[in-house]
Structure formats: C-alpha cells, structure tokens
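# Observations on chain architecture
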Amino acid sequence: MAKSPEVKLAVFGRAGVGKSALVVRFLTRRFIWEYDPTLESTYRHQANIDDEVVTMEILDTAGQEDIQLKEGHMRWGDGFVIVYDITDRGSFEEVGPLRSLLEEVKRPKNVPLVLVGNKSDLDHVRQVGTEEGERLAAEMACAFYECSACADEGGAVAEAFHELCREVRRR
Ligand code: GDP
Ligand code: MG
C-alpha cells in the first residue's frame, strides 16, 4: 500500500489573531478561550481529503519577532495559513510583509497559501471588510476564508486547512 502523503503546514499571523484557537478548533472541534501566547507547538493530524488519507504536521507559531526563527519555520513548511483578525486592522496590514518574506525564503517556488480572516463572530467591532480580505487574497492568488475559531458553524476552519493540503498536493 502506498504510504500516505505527509504535508507540513505552518500557521502565521500577529500575536492574538487566534492561531492557536484555530489550530485547536481544527484538531478537536472545540474552542479554548485562553491559550498560552508564547507557546509554540506542532501537532500531527490525519484526515481524509478527497478519498486520500493525508497526514498533516501543523506548526502553530508563537509570533516571535525573531526573524531567523521565522525564516526557519518558513523553510520547514510546505504550505502556510496566514491569519489576521477582522477586528484588528494592524494584523491585516501584517499579511503583506509576511507573504513577501515567504516568497523570499521559498524562492523560486510558488508558495501554497491560504488567507484566513478570523473572529468573524465579532462582526460588530469589525475593522476589515470581507471584500478587503477577498481582494488581498486575489492579489496573492490564494484561497480566502472568513471564519471564527469560537463559532465555527459552517466548518470553514477545517475547509481552510483541507484546501491548503490540496494546494500543497497539487504542486
Ligand atoms: P494567537 O496568539 O494567534 O495564537 O491567538 P490565540 O489563539 O491565543 O487567541 C487570542 C485571543 O483571541 C484569545 O483570547 C482567544 O480566546 C481569542 N480568540 C481566538 N479566536 C477567536 C474567535 O474566533 N472569536 C473570538 N471572539 N475570539 C477569539
Ligand atoms: Mg498562540
């Protein structure tokens, strides 16, 4: 039997955008309100995607400013989730620079990527419009999901991770 493919996924974004909450939601279908922001972890997870069992290694980065560490994580990964918080415009503005660094580190490869606007349950304090996220994703030629780690009704969180796996497998 063929060995099931393995993909290495890393989650990036400003501290507090909900990277850990999203990863935990994806892995456990639960929401954990407080998660040590300095903690960096990797998780292994298997999922059936398009009738194929895929093993994921997921790195939940802790958003340190250490550039060498960040570049190391980028070299390690096959695919990337870039997360911003729809209630924090600053986190949205950090997406572009992260993407540029990725392109630089992974050159000349075309980097598999998905963009996630998290905390869609906080629509009343939104600072970044859905269309802005869509436009940025179009510029970066990647898939875009608005979702909520705490109220993930439509399963958008899992869809984002699965789509990223597909994107990695297509390369
Ligand atoms: P990280 O630093 O990017 O890993 O962010 P965390 O996962 O630690 O989340 C930071 C804070 O945002 C925590 O207080 C979480 O409870 C909260 N949070 C994360 N995701 C959501 C979400 O989808 N909705 C809401 N309302 N809060 C969230
Ligand atoms: Mg975290």
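Our subject in this report is the structure included herewith. (Residues numbered from 1 in each chain as written. Chains lettered and ligands numbered in written order. Predicted model: local features only at pLDDT ≥ 70, side-chain atom pairs only at ≥ 80, totals over all residues. Heavy atoms only, no water.)

We now examine the side chain of Ser-148. Mapped onto the fold, Ser-148 is located in the loop between β6 (143–146) and α6 (156–170). There is a polar contact of 2.9 Å between the side chain of Ser-148 and the backbone nitrogen of Ala-151. Once residues lying within four places of it in the same chain are set aside, the contact partners of Ser-148 are Asn-118, Lys-119, Ser-120, Asp-121 and Val-157. (Helix = DSSP H or I, 4+ residues; strand = E, 2+ residues; numbered from the N terminus. Polar contact = N/O pair within 3.5 Å; in protein donor to acceptor, adjacent residues only side chain to side chain. Contact = heavy atoms within 4.5 Å.)

Attention now goes to the sheet that holds β6. Here we have six strands laid out as an open sheet, ordered β2-β3-β1-β4-β5-β6, and mixed in their pairing. The sheet is open, and its two edges are formed by β2 (41–49) and β6, each paired on a single side. Between one strand axis and the next, the sheet turns through 25° on average, direction left out of account. Across nine bridges, the pairing between β2 and strand β3 (residues 52–60) is antiparallel. Bridge pairing links Asn-48 to Val-53 in β3. Lying on the sheet, helix α1 (residues 19–28) is in contact with β1 (6–12), β2, β3, β4 (79–85) and β5 (113–118); it crosses β3 at an angle near 155°. Contacting β4, β5 and β6, helix α5 (residues 130–139) crosses the sheet at an angle of about 160° to β6. (Pairing = 2+ DSSP bridges. Axes fitted to C-alpha atoms, helices over the stretch in contact; angles between N-to-C directions.)

Neighbouring ligand 1 are 19 residues, the closest being Gly-16, Lys-19, Trp-33, Asp-121 and Ala-149. In this structure, a nitrogen atom belonging to ligand 1 sits 3.1 Å away from a side-chain N or O atom of Asn-118. The separation between an oxygen atom of ligand 1 and a polar main-chain atom of Ala-149 is 2.8 Å. Among the elements that take part in the shell around ligand 1, α1 stands out by supplying three residues, more than any other. Looking at side-chain class alone, the shell around ligand 1 contains nine nonpolar, five polar and five charged residues. (Near = heavy atom within 4 Å. Nonpolar A, V, L, I, M, F, W, Y, C, P; charged D, E, K, R; others polar.)

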